Amino acid sequence: MNSALSRRLAFAGLFIAVTVAMLIPSEGDVRVAPETRQLYEWIDSIPPGSQVIVSFDHEASALPEIRPLALALLRHCFERDLVPIGVSLLAEGTGIGFALMDQTADEYDKTYGEDYAFLGFKPQFIAAILSMGESIPATYPEDYLGTPIDSLPAMVGVTTYDDVVGVLSIADGSMTTHWVEYGEARFGVPIAGAVTAAMITSYDPYLASGQMVALMGGLRGAAEYEQLIGIGGGGSRGLLAQSVSHLYVLAMIIIGNLLWWRARRRKGKESV
Amino acid sequence: MLVPLTAWIEPDRLPILIAAIIATAIVLYTTYHRRSRDRYRMRPIQGLQAVEDAIGRATEMARPLLFTPGWGGDIQRPTTIAALNILSHVAEKTSRYDCRLLFPTHDPVIMSVAQEVGREAYIRTGHSDRFQADDFAYVSSSQFGYAAAVEGMIARENPASVFLLGTFEAESLILAEVGNASGAIQIAGTDSTIQLAFFIVACDYTLIGEELFAASAYLSQDPAILASVRAQDIMKVLIVIAILTLLIIASTVGWPLESLSAP
Amino acid sequence: MRRKLPQIIVAAVGLIMFLVYFSGHPTAQRVNQTILVDYWQIIFAFTLIVGVIGFARSNLQQIQRGDGRFFRIVSLVGLVSMPILALIGGINAGSPFVWMFDHVQAPMQATVFALLAFFVASAALRGFRARSVPAAILLLAATITLLARSDVGGATIAWLPETAEWIRAHPSMAARRAILIGIGLGSLTTSLRILIGIERTWLGSER
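Just so it is clear, the structure is predicted and the values come from calculations on it, not from any experiment. (Residues numbered from 1 in each chain as written. Chains lettered and ligands numbered in written order. Predicted model: local features only at pLDDT ≥ 70, side-chain atom pairs only at ≥ 80, totals over all residues. Heavy atoms only, no water.)

Engineer: Describe in detail the interface of chain C and chain B, supporting the description with residues and values.
Structural biologist: The interface of chain C with chain B comprises 58 residues on the first partner and 68 residues on the second. Taking both partners together, chain C and chain B bury about 5600 Å²; carbon and sulfur atoms supply 67% of that area. Notably, a salt bridge pairs Arg65(C) with Asp134(B), separated by 3.2 Å at the nearest N-O pair. Linking chain C with chain B are ten residue pairs in polar contact (both at pLDDT 80 or more), by the criterion used here. When contributions to the side of chain C that touches chain B are tallied by element, the ones reaching two or more residues are helix 1 (4-21), helix 2 (26-65), helix 4 (96-127) and helix 7 (159-196) of chain C. Considering each element in turn, the side of chain C that touches chain B owes the most residues, 17 residues, to helix 7 of chain C. Class assignment of the residues belonging to the side of chain C that touches chain B gives a composition of 25 nonpolar, 23 polar and ten charged. (Contact = heavy atoms within 4.5 Å. Buried area = accessible area lost by both parts, 1.4 Å probe. Salt bridge = Lys/Arg side-chain N within 4 Å of Asp/Glu carboxyl O. Polar contact = N/O pair within 3.5 Å; in protein donor to acceptor, adjacent residues only side chain to side chain. Helix = DSSP H or I, 4+ residues; strand = E, 2+ residues; numbered from the N terminus. Nonpolar A, V, L, I, M, F, W, Y, C, P; charged D, E, K, R; others polar.)

Engineer: Run through a positive patch on the surface, naming residues and quoting values.
Structural biologist: Residues and elements named next belong to chain A. Taken together, the side chains of Arg262, Arg265, Arg266 and Lys269 present a region of like positive charge at the surface. By the secondary structure assignment, Arg265 is in helix 10 (residues 234-271). Look at Arg265 and you get exposed, because its relative accessible area is 60%. (Patch = residues over 30% accessible without salt bridge, like charges linked within 9 Å, V, L, I, M, F, W, Y side chains within 5 Å. Areas by Shrake-Rupley, 256 points an atom, 1.4 Å probe, with all protein chains shown as cover. Lys, Arg positive; Asp, Glu negative; His and termini not counted. Charge placed at Lys NZ, Arg CZ, Asp CG, Glu CD. Buried < 20%, exposed > 50% of the residue type's maximum accessible area, 1.4 Å probe, protein only.)

Engineer: Describe the confidence of the model for chain B, and please don't skip the residues or the numbers.
Structural biologist: Regions with low pLDDT should not have their predicted coordinates read in detail. Residues and elements named next belong to chain B. Residue-level pLDDT values for chain B average 87, and 92% of them are 70 or greater. Averaged over each element, pLDDT in chain B is lowest for helix 3 (residues 34-37) (60) and highest for strand 1 (residues 65-68) (97). Overall fold confidence for the complex sits at a pTM of 0.86, while the interface term, ipTM, reaches 0.86. (pLDDT = per-residue confidence, 0-100.)

Engineer: Could you give an account of the domain arrangement of chain B, naming the residues involved and the relevant values?
Structural biologist: According to the domain assignment, chain B consists of domain 1 (15-44 + 221-249) and domain 2 (46-208). Taking only C-alpha atoms into account, the centre of domain 1 of chain B sits 30 Å from that of domain 2 of chain B. (Domains from an automatic or database assignment.)

Engineer: How would you explain helix 4 of chain C if you had to name every residue and give the values?
Structural biologist: With 32 residues, helix 4 of chain C extends 45 Å from end C-alpha to end C-alpha; this agrees with the ideal 46 Å at 1.5 Å per step. At Gln105(C), helix 4 of chain C shows its strongest bend, of approximately 30°, with the proline Pro107(C) following within four residues. (Expected span 1.5 Å × (residues − 1). Bend = angle between axes of the 7 residues up to and from the residue.)

Engineer: Account for the interface of chain A and chain B, naming residues and giving values.
Structural biologist: On the chain B side, the residues contacting the 19 residues of chain A number 15 residues. Summing the contributions of chain A and of chain B, the shared interface buries around 1200 Å²; its carbon and sulfur component is 46%. Of all residues in chain A, Arg7(A), Glu59(A) and Arg186(A) give up the largest surface area on contact with chain B, accounting jointly for 33% of the area buried on that side. One can count zero salt bridges joining chain A with chain B. Scanning the region where chain A abuts chain B turns up three residue pairs in polar contact (both at pLDDT 80 or more). Sorting the residues of the side of chain A that touches chain B by element identifies helix 7 (175-187) and helix 8 (204-209) of chain A as the ones contributing at least two each.

Below you can see the structure in the form of structure tokens.
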């Protein structure tokens, strides 16, 4: 089989497998990974009324994976009566972040400005992180809607990272690393991450060294978190499709190896 | 009036400062110490040995060569600078062989610096007339906008060789697979540990982490730069000794650096 | 002078940034704030102008040459139309700008991101071979991890998730840390080479 044809067949097979899996309702419990439980317990241990920075560090492309993660975390925050302060280090995360906070706040009857706030986007992420460490009001004199932040009850007493319990970075790339390298390393603010599945292992060393307090990733992480907070969502729904795609990749590896062994044996016989 | 030292130096960062001073001293000593500078030779790095073949292939096939530094880095990242050092070497060769060099990037500053690096290389070889500034192009700051642009460029221009050197994120496999499907010889290198796995599977040669930084020493054979790579090895040995020493102490008398432990 | 002046600026600013990192003194913090936050933001704004001009010029030149004319016209239309929409209707929810972002840009980007899944499948089919004993071990580790991360494996075979977590927490992390240490040292020496001026390629042309 030539490589172009086998590539196309592999693509078509994946498309069919994932589409079928998306149509089948997913049921049953998932096993909660220790790191997801760690994140849940960290948020659960924060006293009600405390402010926490939620940073939407992603673009629109990863939304199908990011959205369930963000919704599960925000729901938990609002359920615990925490005060999330939204920011974004990437321009595209701004509108998405605001919409997600707005949606979850509505579910819990929370009022903008009192129970949560959204400060918006600052360009140059490293500069933004460092600047917030010096002064959050100086970095964001106004919120996303143009209201001076000193008039927002949700922002009362928040001047630097010392005044928030931590930063929850929802990211599709390496942006959480910058929070660790500059926010944690320089200002000692606790960092937790909710990242796409492809990125999760790159944060393992930070989690193991204690530079991150907690971490969860991908649709699986979202499904696990949804189970912990007892509210279903996109994570649980997408989990079957993700599982099928994992198994499909495994099947590709096996088929690829079988084809390779067969070709090698044939070559060996011909040379004899 | 004398100000106490503690007012100027944060005690928490003192260990990092000491480590940084030791590292700097080692680099400066190996770089400027005349006798040591002349002695060093680098082990062959397969990926860099293949650079010449990749350029030769593009020239023979009369097809362009594509070099891109990934979406994850900006100009202040050492990885980007390391990639630009390799670009300089590649541009020198393409100028000699009159082979078209495409350099798409996601960052306007990288574009400007790459244009300067490319122009300098073309001037060095006396072929400044062959230099095409608009082939060093800023395509999009958005990750997948950039990925789509480079992917489209590979599909349309059909480069004979693709260099994926720099900081890459999720776009790595998209670019590497499209390059592979087009039949290009691919040399990749990155400091993103997670993307290395993708590059190893999809590319012909992969520079793993520090090999990318050693490339300018390898390609230029400049004694001063070679000596700084030697400093890197000395530091590596010191780190291994420190790890082993602490391991022995920790397993016999307990962990001595409680304040540095993970919680 | 064209290369000396940037070199002097790099060495001076690099040294200042190195020193202020270790200091908690208010003066050092102010210097840090000024350079990293204020100057950086100003420089960033100018780089955007460089980007837009460079993008427009490059595309216009290639349109003239007849290279990929259609794609380049689409790019330029996108470049011009989004700021115009923002100027006319603002960038708040419900504006044409946001509509374009939500209904054009976001789906296009998600589509390119989704390609990754297909490329993982084709790379798995083509590139992941048990050519040697280490490659076979790697293959086994990948199989365990994939099975454990899928619902099927996690639900049916009890030891799989623990084994996958062990692989991730020990051999995988050990290798990752070793590579990260190498990268850290490589970054350090490259930075020092730039600061002391023995690495000058990035400065470009003298003329």
